[in-house]
Amino acid sequence: MSAVIKPDEISCREMTRQDLGAVMKIETIAYKHAWTRGIFRDCLQAGYIGIIAEQESSIIGYAMLSAAAGEAHLLNICIHPHLQGRGYGRQLLDRLIAIARERSVETLFLEVRASNVVAQQLYLDYGFNEIGFRPNYYPDGDKREDALVYVMSLL
């Protein structure tokens, strides 16, 4: 019988403009076509829910969620690439779902790259269902990559 290894706990808090430097460092390492600092700033200005994941006072990940009228859209979720696969993404997703429920969100949507089978499995494990397909949604070098659209009921 093998022992189950639990990930170290992360703490989550609200994202502020002061976090954007650290967020951008992770974003540009994690993605070829990263969001810009301006996109994050505009999301915060618009009242979207930005969450920071920390471990030992170091920012290791973040997420951005828009929520209105009973629906939410997970726009961006990322754990530093060197720390992925340790359960931190699950902890961050747990916190996002809890926040969505606190805000009376009934339905949570997201898009995921068609090639990102690790993230797809994570979302399926959480009870998301694939409901759509967006051709050429994500930039990918000189071409585009398709996205799968997922939804989860929070009722």
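Residues numbered from 1 in each chain as written. Predicted model: local features only at pLDDT ≥ 70, side-chain atom pairs only at ≥ 80, totals over all residues. Heavy atoms only, no water.

Going by what an unreviewed UniProt entry lists, the chain is known as [Ribosomal protein bS18]-alanine N-acetyltransferase and is assigned to Solemya velum gill symbiont. Under the Subcellular location (unreviewed entry) heading, UniProt states for the chain: "Cytoplasm". (UniProt positions renumbered as here; feature names shortened; annotations may be inferred.)

Right, let's talk about the overall build of the chain for a bit. Across its full length, the chain carries four helices and seven strands. Taken from the N to the C terminus, the helices and strands of the chain come in the order β-α-α-β-β-β-α-β-α-β-β. Since a compact globule built from 155 residues should have a radius of gyration of about 15 Å, the 15 Å found for the chain is in line with a globular shape. Seen through its principal axes, the chain has C-alpha atoms that stretch 40 × 40 × 35 Å. A total of 155 residues make up the chain; the buried ones form 42% of that total. Pairs at least 24 residues apart make up 59% of the contacts formed inside the chain by residues separated by at least 6 positions. Element-wise, carbon and sulfur atoms account for 49% of the exposed surface of the chain, whose accessible area totals about 9000 Å². (Helix = DSSP H or I, 4+ residues; strand = E, 2+ residues; numbered from the N terminus. Rg over C-alpha atoms; globule rule 2.2 N^0.38 Å. Buried < 20%, exposed > 50% of the residue type's maximum accessible area, 1.4 Å probe, protein only. Contact = heavy atoms within 4.5 Å. Areas by Shrake-Rupley, 256 points an atom, 1.4 Å probe, with all protein chains shown as cover.)

By the bridge criterion, eight bridges tie strand 6 (residues 129-140) to strand 7 (residues 143-153) in an arrangement that is antiparallel. Each residue of the ladder has a partner; that of Asn129, found in strand 7, is Val151. Counting the residues that bridge the hairpin from strand 6 to strand 7 gives two residues, and of these Gly141 lies at a positive phi of roughly 65 degrees. (Pairing = 2+ DSSP bridges.)

The next point concerns the layout of surface pockets. Considering only enclosed or pocket space, the largest pocket measures out at about 1100 Å³ in volume. Looking at the largest pocket, it is lined by 36 residues, and the ones nearest its centre are Tyr31, Ile77, Asn116, Ala119 and Tyr123. Elements with a contribution of two residues or more to the lining of the largest pocket: helix 1 (20-30), strand 4 (71-79), helix 3 (88-102), strand 5 (107-113), helix 4 (117-125) and strand 6. Residue contributions to the lining of the largest pocket peak at seven residues, all from strand 4. Its residues placed into classes, the lining of the largest pocket shows 20 nonpolar, eight polar and eight charged. Lining the second largest pocket we find 13 residues, and of these Glu14, Ile49, Gly50, Ile51 and Arg103 sit closest to its centre. Broken down by class, the residue content of the lining of the second largest pocket amounts to seven nonpolar, two polar and four charged. (1 Å grid on protein atoms, 1.4 Å probe; cavity = no way out; pocket = protein on both sides within 12 Å on 5 of 7 lines; lining within 4 Å. Points joined across faces, edges and corners; volume = space filled by probe spheres on them. Nonpolar A, V, L, I, M, F, W, Y, C, P; charged D, E, K, R; others polar.)

On to the UniProt feature "binding site: acetyl-CoA" (unreviewed entry) in the chain. Those places that UniProt annotates as "binding site: acetyl-CoA" (unreviewed entry) correspond, in this numbering, to Asn116. The class of Asn116 is partly exposed, set by a relative accessible area of 32%.

With that out of the way, let us pick up the packing of aromatic side chains. The tally for this structure, following the rule as stated, stands at five aromatic pairs. Ring geometry for Trp35 and Phe40: centres 4.8 Å apart, planes at 55 degrees, overall tilted. Since its relative accessible area comes to 0%, Phe40 is described here as buried. (Phe/Tyr/Trp six-rings, centres within 6.5 Å; stacked < 30°, edge-to-face > 60°.)

The next subject is the side chain of Glu27. Tracing the chain through its elements places Glu27 in helix 1. Despite its burial, Glu27 remains without a salt bridge, the nearest opposite charge being carried by Arg113 at 9.1 Å. Excluding anything up to four places from it in sequence, Glu27 contacts Ala34, Trp35, Phe40, Tyr62 and Asn76. (Lys, Arg positive; Asp, Glu negative; His and termini not counted. Salt bridge = Lys/Arg side-chain N within 4 Å of Asp/Glu carboxyl O.)

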